[in-house]
Amino acid sequence: SMDAKTLEEELGVQRDLVDDLVEQAAAGQAPQMVEDAKAVLQRHRVLTQKALEACDGKSPEAKQSVQKTIAKLNEELPKLIEAAKDVLAHPDDEAARKKLEERAEKINKLYKKLSPESIDEEERERLAKIAAAEAKRAAEEEQRRQEALARAPTAKRSRFEDYRAD
């Protein structure tokens with residue numbers, strides 16, 4: 001089934017579809033381009049699900065980051081398809097073709113952000129930052145404690161201390 005694919009495989013399929021869509025548009029192959037466009041949009045739902053599943057057990061920020069990337073893809077995919085239609089309509093328009101290639105590149109960059117490595121790497125950096133901030137806070141806290149001790153007059157031994165009940 002379509003769902004049996006890993007996130008990595010799903011991204012590979014999507015990249016291939018996007019590349020093919022660009023080629024078919026440039027070659028003036030309308031029916032094939034339309035098929036690719038449909039497939040990209042259909043599989044985008046599966047990709048979204050897989051990318052969110054990849055965030056299980058990670059910080060809420062990991063999920064937010066993936067959601068942000070997905071939101072950008074939701075915006076960019078229709079623009080890619082519009083750009084492909086433009087190339088079909090104006091096969092000799094160099095600017096239209098360039099625009100299509102730029103759109104495809106933008107989408108491939110977003111796909112890269114959804115790769116398991118990118119998600120893991122971002123999470124590692126996030127956790128390292130948190131750990132560093134906590135270590136810094138602890139060090140400052142300790143320094144304040146030491147300075148306070150240095151300032152405090154040496155406590156005199158209370159004469160009642162000997163009579164304290166154990």
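Structure shown above.
Here we summarise the structure given alongside this text. Along each chain, numbering runs from 1 in the same order as the chain's sequence is written. Only residues with pLDDT of at least 70 get local features here, since the model is predicted, and only at 80 or more are side-chain atom pairs given and counted; chain-wide, interface and lining totals rely on the full set of residues. Note that water and hydrogens are dropped before the side-chain values are worked out from all heavy atoms of the structure.

1. Structural notes on the environment of alanine 54
What counts here: Helix and strand definitions here come from DSSP, where helices need a minimum of 4 consecutive H or I residues and strands a minimum of 2 consecutive E residues; each element is numbered from the N-terminal end. In this scheme, a residue with accessible area under 20% of its type's maximum is buried, one over 50% is exposed, and one in between is partly exposed, where area comes from a 1.4 Å probe on protein chains only. Note on contacts: a residue pair is in contact if any heavy atoms of the two residues lie within 4.5 Å.
Along the chain, the position of alanine 54 falls in the loop between helix H2 (30-53) and helix H3 (60-89). The class of alanine 54 is partly exposed, set by a relative accessible area of 24%. Considered as a pair, alanine 54 and leucine 114 are 60 residues apart in the sequence and their alpha carbons are 9.1 Å apart. Once residues within four sequence positions are removed from consideration, alanine 54 is found in contact with Leu7 and Ile119.

2. What to know about the pattern of salt bridges
Selection rule: Just to be clear on terms, a salt bridge is a Lys or Arg side-chain nitrogen sitting within 4 Å of an Asp or Glu carboxyl oxygen.
Across all of its chains, the model carries 15 salt bridges by this definition. Ionic pairing is found between lysine 85 and glutamate 82, a salt bridge with its closest N-O pair at 3.5 Å. Here lysine 85 and its partner glutamate 82 are both found in helix H3, three residues apart, which amounts to about one turn of the helix. Across the pair glutamate 102 and lysine 98 runs a salt bridge, and its minimum N-O distance is 3.4 Å. Of the two residues, glutamate 102 and lysine 98 both sit in helix H4 (residues 94-113), four residues apart, roughly one turn of that helix. On the accessibility criterion, glutamate 102 (46% relative accessible area) is partly exposed. A single salt-bridge network, built from bridges that share partners, covers Glu76, Lys79, Arg103 and Lys106.

Remember that the coordinates give geometry; whether it matters functionally is a separate question.
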